[in-house]
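Report on the structure
Given next are the chains, with one letter for each unit.
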Amino acid sequence: MFILKCGGSTLDQLPASFYEELIQLKRDGFDPIIVHGGGPAISNTLKSLQIEPQFIDGLRVTDEATLQVVEMVLIGQTNKQIVKQLKGYGFGLSGMDGSLIKASKMDGPFGFVGQIEAVQPELIKSLSDNGYIPVIAPLGIDEQGQSYNINADTAAGAVATALGVEQLIVVTDVPGVMENGQVIPELTTQQVTELIDKGVITGGMIPKVKAAMDALKAVDEVVIIPPANLGKAVQKEKVGTKIKGGAE
Ligand SMILES: Nc1ncnc2c1ncn2[C@@H]1O[C@H](COP(=O)(O)OP(=O)(O)O)[C@@H](O)[C@H]1O
Ligand SMILES: CC(=O)N[C@@H](CCC(=O)OP(=O)(O)O)C(=O)O
């Protein structure tokens, strides 16, 4: 079993062959679980409604109107876009369904952005055991039924941790973590922190490497790759950037 985080940056460009490869991996017993983003699609819909997207520290400031749009786009549009391409293997749900992702309101000026409290792995496991590829939208819910918007990298890291999978594979629109135009093949958590401090890792790459560092407590391997390298990453070939635990 592995967790595949599909970023909104690439979702519209994913070729049919990417989904065919996922279906084949499922048939071969690799059991992918997808957690998806959709940041660009959310921002486009907000703009069409004359709501200006706002981010602080890479997190979308989410007021009541924005939360409605986030739910509409992630659940109604992006999630189903992926499910359709998986041709009957896909089972779409969000972190709200069955309290899959329990969340509370994150401290700070973010509005309805969720802090993950717990992930319930049983439902995901049983869907996977029943032959489906679970496709999870990054939303959470609290005991009062309030929903929350969660960064998809963070959600993917938490799902990977709760399931204790071998691999978390993060698919995005760059060949890996880059410095001076070159992909860095391997990074320790200490090097990641240094690259953030030096301003080499910025923007949308920050939640990815942070989620990677958190997940490494429970997950053997985290890799950041472009879509074309999915098969190689699952076969543990050296592609993209691998984030390793430990300091050396
Ligand atoms: N050191 C870095 N190496 C590669 N990408 C980086 C780096 N620092 C920042 N980025 C940015 O991170 C982006 C990926 O994050 P994001 O746009 O949020 O993608 P996604 O929608 O896949 O989550 C890249 O397109 C790039 O602009
Ligand atoms: C709190 C927060 O920032 N949530 C994200 C959720 C989607 C996401 O993370 O999408 P990508 O993976 O495509 O960036 C957002 O509203 O954009």
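Throughout what follows, the structure given in this document is the object of discussion. (Residues numbered from 1 in each chain as written. Chains lettered and ligands numbered in written order. Predicted model: local features only at pLDDT ≥ 70, side-chain atom pairs only at ≥ 80, totals over all residues. Heavy atoms only, no water.)

Side note on the sheet that holds strand S1 (residues 2-6)
- Strands sit in the order S5-S8-S2-S1-S11-S15-S16-S14 across an open sheet of eight strands; the sheet is mixed. Each edge of the open sheet carries a strand with a single partner, namely strand S5 (90-94) and strand S14 (186-188). With strand direction ignored, the average angle separating the axes of adjacent strands in the sheet is 20°.
- As judged from the five bridges shared by S1 and strand S11 (residues 167-171), these two strands associate in the parallel manner. Directly across from Phe2, in S11, lies its bridge partner Gln167. (Pairing = 2+ DSSP bridges. Helix = DSSP H or I, 4+ residues; strand = E, 2+ residues; numbered from the N terminus. Axes fitted to C-alpha atoms, helices over the stretch in contact; angles between N-to-C directions.)

Considering the site of ligand 1
- If you check the shell around ligand 1, you find 16 residues, and the closest are Ser9, Thr172, Asp173, Val200 and Lys208.
- The separation between an oxygen atom of ligand 1 and a polar main-chain atom of Gly8 is 3.3 Å.
- Note that a nitrogen atom of ligand 1 is positioned 3.1 Å from one of the backbone N or O atoms of Thr202.
- Bound to the protein, ligand 1 loses 74% of the 580 Å² it would expose on its own.
- Every element with two or more residues in the shell around ligand 1 is listed here: helix H1 (8-11) and helix H8 (205-215).
- Of the residues that constitute the shell around ligand 1, the class distribution is six nonpolar, seven polar and three charged. (Near = heavy atom within 4 Å. Polar contact = N/O pair within 3.5 Å; in protein donor to acceptor, adjacent residues only side chain to side chain. Areas by Shrake-Rupley, 256 points an atom, 1.4 Å probe, with all protein chains shown as cover. Nonpolar A, V, L, I, M, F, W, Y, C, P; charged D, E, K, R; others polar.)

Some remarks on the environment of Met178
- Relative to the helices and strands, Met178 resides in strand S12 (residues 178-179).
- Put simply, Met178 and Gly240 are 62 residues apart on the chain and 9.4 Å apart in space, counted from C-alpha to C-alpha.
- Apart from residues no more than four positions distant in its own chain, Met178 is found in contact with Val183, Ile184 and Val200. (Contact = heavy atoms within 4.5 Å.)

What about the environment of Ile133?
- Here Ile133 is to be found in strand S8 (residues 133-137).
- Along the sequence, Ile133 and Leu22 sit 111 residues apart, while their C-alpha atoms lie 8.8 Å from each other.
- For Ile133, the residues in contact, after removing those within four places along its chain, are Leu22, Ile23, Lys26, Pro32, Ile34, Leu86, Tyr89, Gly90 and Phe91.

Considering the site of ligand 2
- The full set close to ligand 2 counts 16 residues, and Lys5, Gly8, Arg60, Asn149 and Ala152 are the nearest of them.
- Measuring from an oxygen atom of ligand 2, one finds a side-chain N or O atom of Arg60 at 2.7 Å.
- Within the side chain of Asn149, an N or O atom sits 2.9 Å from an oxygen atom of ligand 2.
- Alone, ligand 2 offers 430 Å² of accessible surface; in the complex the protein occludes 91% of this.
- Elements with a minimum of two residues in the shell around ligand 2: helix H3 (39-48) and strand S4 (59-60).
- Looking at the shell around ligand 2 element by element, the count peaks at three residues for H3.
- Looking at the shell around ligand 2 residue by residue, the classes come out as six nonpolar, eight polar and two charged.

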